[in-house]
Amino acid sequence: MKYLALTIGPIYKTMSQARKTRELWSASFSFSLLMKYLIDEFSKHGELLSPSPNVKLPLHGAGVYPDRCYIKLNKAMTETEINNNKEIALKEFSLATGYNPNELAYFQIYVVQKEIACNPIKSLNVILDGLELSKKYFSIKTFDINYYWNTQSVSPEFFQNLYEKGYGDDEILPPILVKYSGAKSKTFKRFKSIPEISTTELEKQHPSEYWNALGIQYLKTSNGEINFEQLAQNKEDEQIEDNIINALKSEFKDNFKFRHKYFTIVQADGDNVGSLIGEIEKNNGDIMSFSNALNEFVSSAAGELKKYGAFPIYMGGDDLLFFAPLTNDKYEFEGLDFRELFPPEKNEKYRVNGNNVFFLMTRLNFMFKEKLAPIVNKYMKDKTVSLSFGLSVGYYKKPMNEILAESYELLFYNAKKQPCKNYIALKLEKHSGQSLDFGFTQNTPLYYYFLNLCTESKGKDENFLNSVMFKINNQKKIIIEIANDVNKLKYFFDENFNEASHKNYQAFFEAVRHIIHETFSWFAHEKPVDENHEDKRISRIYSCLRFVQFLNANDNHE
């Protein structure tokens, strides 16, 4: 059989130019839309194997078409036919978006056509990987996604048209009334800025007060032109972001927390998905059933992100990219069930609920495994699939492209390198320069107890959390000696936290001592001391406590 595969780029290079949330979204969605038009043209010549043709927009604005597609051809295509199909797709893409036809050469489209007897997708992927590594040289200037947001240079309707393709009638973004310098006005949708994403929790809790504080319903424009993120007369981005934060601090006072100055970019990728595709092909299975299962997952996952208050950028099967606030007190779901990790007599205890981004990621992981379970059970008995995550947390003034790069590195050079995969790797860098790095394999008791710690620490006094960290750090030699004995750990906490007020914290102390015990058990194979002569196990425990302290801290830092 003759097979054809397509891949496009340079995706990451283009997205790394983005300085605003709208620019990152528009870069991602542009490439997704280009792949849609390529699939529309090339699939006329055969049977589309992947991705699923059942993708339905708007899916809360996310780009949903992946950077690769695979087609079983009715007959071989000539070079002229291939070039004509590319030109037709690029023309449709230009008409839909408004991109200058003279700049379309920037979009790299690689096509490979090959006669393959078995395992076509696996074979084609190897070829595509090689093509992407040997990138072509283009003499044209670097494509500037930011240029197309400059309404003085192009039509003000340019990205709004693209926006409507992404969002349609989707309610994830509120319509914004834009008043022109004259008497006219118009309602638009716009992507939230970084401070608005980091404070989504406050919007969910008090929507009317939130929007009134920002004056967002009177988004100003100059000279009758639309500036989607302008919230004040001063157009300097940092000043605008400060205005948002200061307005919300003034409005919400005690409800405004230190964490509301921080936002996250999350990237996810499937584990063992390539192995699953290989097994399906080896057994002459139906690849499209696999593609449809991925599509069902994406549809459900996009809805889950919306429910949490996250903003999807890209949702391409097992490949996800989204913005998310650190917490959302209004996030409600049935909880995470870890009963398979524990003896049957204890199962009733091991459901945990919470409202921070870790719960969201693991909920997505559960959903991914559930949607693909029938296919995994049929074709791959000795492995399972899962999602690994790179989670970068940054201050609202930190350049967004740096947060994006960190999330990518956390995913592919940390989480995906772990022996068990199914991993979440986190980096949190404070505005002061202090950083926090840690991670978890998701299907472990250690991770369960960390989630439990997040739940039990919610609303706890910041000084109390500091005192627990101080006590553990001050007596770490004792902790190291007794860490493998849960009864001795309980005695340690009973002796060191025996004030009357501590009776209200027993569930919290239980979570902490289990984290200590599980950390020493899970990393028993590892050399305990790092290059700075610090015990890595104690450092991991301390990182867990520092993170929950960060989530609960009042806004009196930095």
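Quick note: structure is the one above.
The structure displayed is predicted, hence computed values, not measured ones.

### Examining the packing of helix H2 (residues 21-42) against helix H5 (residues 158-167)
Helix packing geometry: the angle between the two helix axes and the distance between the axes.
In step 1: Between H2 and H5, whose axes approach to 11 Å, the crossing angle comes to 70°. The angle between H2 and H5 falls in the class roughly perpendicular. For H2 against H5, the interelement crossing comes out left-handed. Contacts between H2 and H5 involve Trp25, Ser26, Phe29, Ser30, Leu33 and Tyr37 from the first element and Phe159, Leu162, Tyr163, Lys165, Gly166 and Tyr167 from the second.

### Considerations on the sheet that holds strand S14 (residues 435-441)
Adjacent strands of a sheet pair through backbone hydrogen bonds, lying either parallel or antiparallel.
In step 1: Ordered by their spatial adjacency, six strands build an open sheet running S8-S9-S7-S12-S13-S14, and the pairing between neighbours is mixed. The open sheet terminates on both sides in strands that have one partner only, identified here as strand S8 (311-316) and S14. Adjacent strand axes in the sheet meet at a mean angle of 10°, parallel and antiparallel pairs treated alike.
In step 2: Pairing between S8 and strand S9 (residues 319-325): five bridges, direction antiparallel. Within the sheet, the bridge partner assigned to proline 312 lies in S9 and is phenylalanine 322.
In step 3: Against the sheet, helix H12 (residues 357-379) makes contact with strand S7 (262-271), S9, strand S12 (386-395), strand S13 (423-429) and S14, and its axis sits at roughly 160° relative to S12, the strand it touches most.

### Quick notes on the sheet that holds strand S4 (residues 108-115)
In step 1: Strand order in the open sheet formed by four strands is S2-S3-S1-S4, with antiparallel pairing between adjacent strands. What marks the edges here is a single partner per strand, and that holds for strand S2 (46-50) and S4. In this sheet, neighbouring strand axes are inclined to one another by 25° on average, regardless of whether the strands run parallel or antiparallel.
In step 2: Each of strand S1 (2-9), S2, strand S3 (68-73) and S4 is contacted by H2, which is oriented at about 160° to S1, the strand it contacts most.

### Some thoughts on the side chain of lysine 86
In step 1: As for its position among the elements, lysine 86 is in helix H3 (residues 79-97).
In step 2: No salt bridge is formed by the buried lysine 86. Its closest oppositely charged neighbour is glutamate 79, at 8.3 Å.
In step 3: Not counting residues up to four positions away in its chain, the partners in contact with lysine 86 are Leu38, Phe42, Ile109 and Val111.

### A short note on the nonpolar core
As a rule of thumb, nonpolar side chains are buried together in soluble globular proteins.
In step 1: Ranked by size, the top nonpolar core spans 171 residues in total, and within it Phe323, Phe358, Leu364, Phe450, Phe508, Ile516 and Phe547 carry the most contacts.
In step 2: If you look at the next biggest cluster of nonpolar residues, it comprises five residues, including Leu411, Ala415, Tyr423 and Ala425.

### Re unusual backbone geometry
In step 1: A cis amide bond links glycine 9 to the next residue, proline 10, at an omega of -5°.
In step 2: Among the secondary structure elements, proline 10 is positioned in the loop between S1 and helix H1 (11-15).
In step 3: Even without a glycine there, the phi angle at asparagine 272 is positive, about 65°.
In step 4: Tracing the backbone shows asparagine 272 in the loop between S7 and helix H10 (273-282).
In step 5: Looking at asparagine 272, the relative accessible area reads 21%, which means it is partly exposed.
In step 6: One non-glycine residue, asparagine 284, lies in the positive phi region at around 55°.
In step 7: Locating asparagine 284 in the fold gives a position in the loop between H10 and helix H11 (287-308).

### Notes on the pattern of salt bridges
In step 1: Within the structure shown, the criterion is met by 23 salt bridges.
In step 2: Between glutamate 279 and lysine 282 there is a salt bridge, and its shortest N-O distance comes to 3.3 Å. In this pair, glutamate 279 and lysine 282 are both assigned in helix H10, three residues apart and thus about one turn of the helix distant.
In step 3: In this structure, glutamate 304 engages lysine 307 in a salt bridge whose closest nitrogen and oxygen atoms are separated by 3.9 Å. Taken together, the residues span about one helical turn, with glutamate 304 and lysine 307 both in helix H11 at a distance of three residues.

### Some details on the packing of H2 against H3
In step 1: Remark: H2 packs on H3, axes separated minimally by 9 Å, with the N-to-C direction vectors making an angle of 135°. It follows that H2 is oblique to H3 by the angle criterion. Here the hand of the crossing between H2 and H3 comes out right-handed. Contact with H2, carried on its side by Ser30, Leu33, Leu34, Tyr37, Leu38, Glu41 and Phe42, involves Ile82, Asn85, Lys86, Ile88, Ala89, Leu90, Glu92, Phe93, Ala96 and Thr97 of H3 and no other residues of that element.
In step 2: Its residues placed into classes, the contact of H2 with H3 shows 11 nonpolar, three polar and three charged.

### Let's talk about H12
In step 1: Its 23 residues give H12 an end-to-end C-alpha distance of 32 Å, which sits within 8% of 33 Å, the value for a rise of 1.5 Å per residue.
In step 2: Of all the bends in H12, the largest measures some 55° and sits at alanine 373, one to four residues before the proline proline 374.
In step 3: Regarding H12, its N-cap is asparagine 356, as a side-chain oxygen of that residue lies 2.8 Å from the backbone nitrogen of phenylalanine 358 further along.

Basis of the calculations
Residues numbered from 1 in each chain as written. Predicted model: local features only at pLDDT ≥ 70, side-chain atom pairs only at ≥ 80, totals over all residues. Heavy atoms only, no water. Axes fitted to C-alpha atoms, helices over the stretch in contact; angles between N-to-C directions. Helix = DSSP H or I, 4+ residues; strand = E, 2+ residues; numbered from the N terminus. Parallel < 35°, antiparallel > 145°, perpendicular 65-115°, else oblique. Left-handed = near helix turned anticlockwise from the far one by under 90°. Contact = heavy atoms within 4.5 Å. Pairing = 2+ DSSP bridges. Buried < 20%, exposed > 50% of the residue type's maximum accessible area, 1.4 Å probe, protein only. Lys, Arg positive; Asp, Glu negative; His and termini not counted. Salt bridge = Lys/Arg side-chain N within 4 Å of Asp/Glu carboxyl O. Core = buried A, V, L, I, M, F, W, Y, C linked by side-chain atoms within 4.5 Å. Nonpolar A, V, L, I, M, F, W, Y, C, P; charged D, E, K, R; others polar. Expected span 1.5 Å × (residues − 1). Bend = angle between axes of the 7 residues up to and from the residue. Polar contact = N/O pair within 3.5 Å; in protein donor to acceptor, adjacent residues only side chain to side chain.

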